[in-house]
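Residue-level listing of the chains:
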Amino acid sequence: DMEIDPTNHNNLYVGIYSHCGGVWRSLNAATSWTQSFPDCDIFSILVDPASPNIIYAASDNSVFKSLDGALTWTDPSSHGIQHVSNMTIDPNDSDILYAYTANGIYKTINAGTSWSLLLNGPPGGIARHALITDPVRQNTVYEANTSVFKTTDGGNNWINISNGLPQSGVYSLIIPKSDTNIIYATTD
C-alpha cells in the first residue's frame, strides 16, 4: 500500500506485506527510501489528511500510529485489533477510522485509542478487497469483496449496491473528488 502526504507530495509512505517489508518512507519524491517501522507485514497505510504527520500502519499485530511522520511508532489501543487487511479514514473527521479484520469491520472515533466491532457490518469471512470513505459525505463508507456495500450512518446499517456488477471479486473502489456521485470499481 502507498500513501502520499497531501500537503507535500515529496513525502511518500509505503507499507509492504512481503518478506517482512514493513513501512518505508521517502522525503524526496522516491529518490531514496528509509525503513521506518520494524513490524513485518503491513497491509494498509494511511496519512491523516488533517495532520499529515500522523500516519497509521495496519499489520497482523495491530494498527500502529506515528505522530512524527513515520519516525517513531506506538500502538495507541490498549485492546488492539489484529489481522487488519484494510483501513480508511473519514476525511471530514480524522479521529474516525474504519478497519477490516478477519472478524469484521471495526471503527474508532478517537484516532485509534479504542475500537468497536460494527455488529451490523457486511457479511464477513473473506478478505476485504476495498474499504473507502466518501470524500465529502461524512459517515458514508463503501466496502467491497464479491459485492459492494454502502453505509451512510457510520457503519450501523449497510446496503448492497452491487446492481450491475459481475459476481466476481471487487478489488478497489475510487470516488473522484470532482464528482462524488460517481464510484468506480475494479473487478476480476
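Cut-off values and rules
- Residues numbered from 1 in each chain as written.
- Predicted model: local features only at pLDDT ≥ 70, side-chain atom pairs only at ≥ 80, totals over all residues.
- Heavy atoms only, no water.
- Helix = DSSP H or I, 4+ residues; strand = E, 2+ residues; numbered from the N terminus.
- Rg over C-alpha atoms; globule rule 2.2 N^0.38 Å.
- Buried < 20%, exposed > 50% of the residue type's maximum accessible area, 1.4 Å probe, protein only.
- Pairing = 2+ DSSP bridges.
- Axes fitted to C-alpha atoms, helices over the stretch in contact; angles between N-to-C directions.
- 1 Å grid on protein atoms, 1.4 Å probe; cavity = no way out; pocket = protein on both sides within 12 Å on 5 of 7 lines; lining within 4 Å.
- Points joined across faces, edges and corners; volume = space filled by probe spheres on them.
- Nonpolar A, V, L, I, M, F, W, Y, C, P; charged D, E, K, R; others polar.
- Polar contact = N/O pair within 3.5 Å; in protein donor to acceptor, adjacent residues only side chain to side chain.
- Contact = heavy atoms within 4.5 Å.
- Phe/Tyr/Trp six-rings, centres within 6.5 Å; stacked < 30°, edge-to-face > 60°.
- Patch = residues over 30% accessible without salt bridge, like charges linked within 9 Å, V, L, I, M, F, W, Y side chains within 5 Å.
- Areas by Shrake-Rupley, 256 points an atom, 1.4 Å probe, with all protein chains shown as cover.
- Salt bridge = Lys/Arg side-chain N within 4 Å of Asp/Glu carboxyl O.
- Core = buried A, V, L, I, M, F, W, Y, C linked by side-chain atoms within 4.5 Å.

1. What to know about the overall build of the protein
Okay, step 1: Of the regular secondary structure elements, the protein holds zero helices and 17 strands.
Okay, step 2: For 188 residues, the compact-globule estimate of 2.2 N^0.38 gives 16 Å, and the C-alpha radius of gyration of the protein, at 16 Å, lies within 12% of that figure.
Okay, step 3: In terms of overall dimensions, the protein has a C-alpha envelope of 45 × 35 × 30 Å along the principal axes.
Okay, step 4: Within the protein, the fraction of its 188 residues that count as buried is 47%.

2. What to know about the sheet that holds strand β7 (residues 63-66)
Okay, step 1: On the basis of which strands lie adjacent, the open sheet formed by three strands has the order β5-β6-β7 and antiparallel pairing. The open sheet terminates on both sides in strands that have one partner only, identified here as β5 (42-47) and β7. Recorded for the sheet is a direction-independent mean angle of 20 degrees between the axes of neighbouring strands.
Okay, step 2: Both β5 and strand β6 (residues 55-59) contribute to a ladder of five bridges, which runs antiparallel.

3. Focus: the layout of surface pockets
Okay, step 1: Of the voids in this model, the largest pocket is the one considered here, and its volume is about 870 Å³.
Okay, step 2: Glu3, Leu46, Thr88, Ile132 and Lys177 are, among the 28 residues lining the largest pocket, the residues nearest its centre.
Okay, step 3: Elements with a minimum of two residues in the lining of the largest pocket: β1 (2-4), β5, β8 (86-89), β12 (130-133) and β16 (170-174).
Okay, step 4: When the residues that make up the lining of the largest pocket are grouped by side-chain class, the tally is 18 nonpolar, six polar and four charged.

4. As for the side chain of Ser162
Okay, step 1: By secondary structure assignment, the location of Ser162 is in the loop between β15 (159-160) and β16.
Okay, step 2: Within the structure, Ser162 has its side chain in polar contact with the backbone nitrogen of Val148 (distance 2.6 Å).
Okay, step 3: Discounting residues that sit within four places of it in the chain, Ser162 has contacts with Ser147 and Val148.

5. Points about unusual backbone geometry
Okay, step 1: For Ala70, which is not a glycine, the phi torsion comes out positive at approximately 75 degrees.
Okay, step 2: Tracing the backbone shows Ala70 in the loop between β7 and β8.
Okay, step 3: One non-glycine residue, His83, lies in the positive phi region at around 55 degrees.
Okay, step 4: Mapped onto the elements of the fold, His83 is located in the loop between β7 and β8.

6. Quick notes on the pairing of β7
Okay, step 1: Judged by which residues are buried, β7 turns out to be covered on both faces: Val63 and Lys65 on one side and Phe64 and Ser66 on the other are all buried.
Okay, step 2: Where β6 lies against β7, four bridges are found, and the strand directions are antiparallel. By the bridge assignment for β7, Ile55 is matched with Ser66.
Okay, step 3: Between β6 and β7, which pair antiparallel one after the other, the connecting turn spans three residues.

7. Quick look at the environment of Glu143
Okay, step 1: Counting through the fold element by element, Glu143 comes out in strand β13 (residues 141-144).
Okay, step 2: With 30 residues separating them in the primary sequence, Glu143 and Leu173 have C-alpha atoms 8.4 Å apart.
Okay, step 3: In terms of polar contacts, Glu143 uses its side chain to reach the side chain of Asn145, at 3.0 Å.

8. What to know about the packing of aromatic side chains
Okay, step 1: Within this structure, the stated rule accounts for one aromatic pair.
Okay, step 2: Seen from their ring centres, Tyr17 and Phe43 are 4.2 Å apart, and the 25 degrees between their planes marks the pair as stacked. Of this pair, Tyr17 sits in the loop between β2 (12-16) and β3 (22-26) while Phe43 sits in strand β5, and the two are 26 residues apart along the sequence.

9. A closer look at a nonpolar patch on the surface
Okay, step 1: Residues Met2, Ile4 and Trp33 make up a contiguous nonpolar surface patch of about 280 Å² in total accessible area.
Okay, step 2: Within the element layout of this structure, Trp33 appears in the loop between β3 and β4 (34-37).

10. Section: the nonpolar core
Okay, step 1: Within the largest apolar cluster, 14 residues are counted, with the highest numbers of intra-cluster contacts made by Tyr56, Val63, Ile81, Val84, Met87 and Trp115.
Okay, step 2: Among the elements of the structure, β6, β8 and β9 (97-101) are those that each provide at least two residues to this core.
Okay, step 3: Beyond its immediate stretch of four places on either side in the chain, Met87 contacts Ser44, Ile45, Leu46, Tyr56, Ala57, Ala58, Val63, Tyr98, Ala99 and Leu131.
Okay, step 4: Tyr13, Phe37, Ile55 and Ala70 belong to the second-largest nonpolar core, a separate cluster that totals eleven residues.

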